[in-house]
Amino acid sequence: MSEFIIENVGLKVGLEIHQQLSTNKKLFCSCTPFESDEYSIKFQRKLRAVKSELGEYDPAALFESSKSKTILYYANLESSCLVEQDEEPPHELDSNAKNLVLIISSALKSNIFSEIYPMRKTVIDGSNTTGFQRTMLISQGGHIDVNGEKIGVQSICLEEDAARLLGDKGNIREYSLDRLGIPLIEIALEPVEGDSKKVKKLLWLLEDYYEVQKRSLAGLAR
Ligand SMILES: [Zn+2]
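Definitions and cut-offs
- The residue numbers shown here count from 1 along each chain, following its written sequence.
- pLDDT decides what is reported in this predicted model: residues at 70 or higher carry local features, side-chain atom pairs at 80 or more are listed and counted, and totals for whole chains, interfaces and linings draw on all residues regardless.
- Derived side-chain values reflect all non-hydrogen atoms in the structure, with water molecules and hydrogen atoms excluded from consideration.
- Take the buried residues of types Ala, Val, Leu, Ile, Met, Phe, Trp, Tyr and Cys, join any two whose side-chain atoms come within 4.5 Å, and each joined set is a nonpolar core.
- Think of it in three bands: residues with accessible area under 20% of the maximum for their type are buried, residues over 50% are exposed, and the middle band is partly exposed, with areas taken using a 1.4 Å probe on protein chains only.
- In this description a helix means any DSSP run of H or I spanning at least four residues, a strand means any run of E spanning at least two, and both kinds are numbered starting from the N terminus.
- We call two residues in contact whenever any of their non-hydrogen atoms come within 4.5 Å of each other.
- Think of a salt bridge as a Lys or Arg side-chain nitrogen and an Asp or Glu carboxyl oxygen that are within 4 Å of each other.
- In this analysis, the expected span of each helix is defined as 1.5 Å times one less than the number of residues it contains.
- Only N, O and S atoms count as donors, using a 2.8 Å cut-off from the metal and 3.2 Å for Na, K and Ca, and because water is excluded some sites may appear unfinished.
- Between 30 and 60 degrees the pair is tilted, below 30 it is stacked and above 60 it is edge-to-face, where a pair is any two Phe, Tyr or Trp rings, Trp via its six-membered ring, whose centres lie within 6.5 Å.

### A closer look at the nonpolar core
- Within the largest apolar cluster, 25 residues are counted, with the highest numbers of intra-cluster contacts made by Leu158, Ile187, Leu189 and Leu202.
- Looking at this core, the elements with two or more residues in it are helix H3 (95–107), strand E7 (132–140), strand E8 (143–146), strand E9 (149–160), strand E12 (183–189) and helix H4 (196–221).
- When sequence neighbours within four positions are dropped, the list of residues in contact with Leu158 reads Leu21, Leu27, Leu93, Ala97, Lys98, Val101, Arg134, Thr135, Met136, Ile138, Pro183 and Leu184.
- The next biggest cluster of nonpolar side chains, apart from the first, holds twelve residues, and it includes Tyr73, Ile124, Ala163 and Leu180.

The following block contains the structure:
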């Protein structure tokens, strides 16, 4: 069999980058983001599919619902509160996370919307106690320069990270709430064509962007 060489076939990839933001609290409450395997609270839930805000069932949610899993949640009171348990409404959006995403959007010359609205992405695999993930569209368009070539940005969102999967056996799925609600930036790029080296270089540049903007924000906060 002849050797498979990607460069002979051609490469086209769509990159969507998710990066936790280094803030000192979660996106919609004051809990400290840290991971620990010590838990003082355990509870269980059953999640079912409901119609979305568009009045339709999400096929993926219906499929997940058909598995009829029991979800066990483990919580540490230092890293989670009633918001993560979905027993209390979300608090105000964390301004540090919002500022950090706005700075990154500006750096990528993305067009920032004048208003921010949390939307609900239906997720009923148990990774979110609410059955949905809160996500906010911050900006659209823009680009990142890679060796003089402009790679387009489709959208930049601010969203909450999912609960941490601990196990999945039979009808039981287990999650830790420590990661749920940590702010995440989601950067969706336009499809990139070229060789694998170019794609790797693009990813490194995005990592640099993130680090530089993080330092800028730390400077602003002082
Ligand atoms: Zn909390």
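### Topic: the pattern of salt bridges
- Enumeration according to the criterion identifies 14 salt bridges in this entry.
- Between Arg173 and Asp168 there is a salt bridge, with the nearest N and O atoms lying 3.1 Å from each other.
- Relative accessible area serves as the criterion here: at 7%, Arg173 is assigned to the buried category.
- Where salt bridges share partners, they join Glu64, Lys67, Lys69, Asp168 and Arg173 into one cluster.

### Things to note about H3
- Between its first and last C-alpha atoms H3 spans 18 Å; for 13 residues at 1.5 Å apiece the expected length is 18 Å, and the two agree.
- Taken together, the buried positions of H3 are occupied by Ala97, Leu100, Val101, Ile103, Ile104 and Ser105.
- Looking one or two residues beyond H3, the residue adopting positive phi is Lys109, at roughly 55°.

### A look at the coordination of the zinc ion
- Taken together, the protein donors to the zinc ion comprise Cys29 (SG), Cys31 (SG), Cys81 (SG), Glu84 (OE) and Glu84 (OE), at separations of 2.2 to 2.6 Å.
- Look at where the donors of the zinc ion fall in the sequence and you get C-x1-C-x49-C-x2-E. With Cys29 in the loop between strand E2 (16–20) and strand E3 (41–45) and Glu84 in the loop between strand E4 (70–75) and H3, the pair connects residues that are 55 residues apart, well separated along the chain. Both residues of the pair, Cys29 and Glu84, belong to the buried class.

### Some thoughts on the packing of aromatic side chains
- Applying the stated criterion across every chain, the model contains three aromatic pairs.
- Between Tyr39 and Tyr74, the ring centres sit 5.6 Å apart and the planes meet at 50°, which makes this aromatic pair tilted. Placement of Tyr39 in the loop between E2 and E3 and of Tyr74 in strand E4 is noted, with a sequence separation of 35 residues between them.
- Aromatic pair Tyr73 and Tyr175: ring centres 6.1 Å apart, planes at 25°, arrangement stacked. Of this pair, Tyr73 sits in strand E4 while Tyr175 is found in strand E11 (residues 172–176), placing the two residues 102 residues apart along the sequence.
- Residue class for Tyr175 comes out buried when judged on its relative accessible area of 4%.

### Remarks on unusual backbone geometry
- Of note in this structure, Ser68 is not a glycine but carries a positive phi near 50°.
- Inspection of the secondary structure puts Ser68 in the loop between helix H2 (59–66) and E4.

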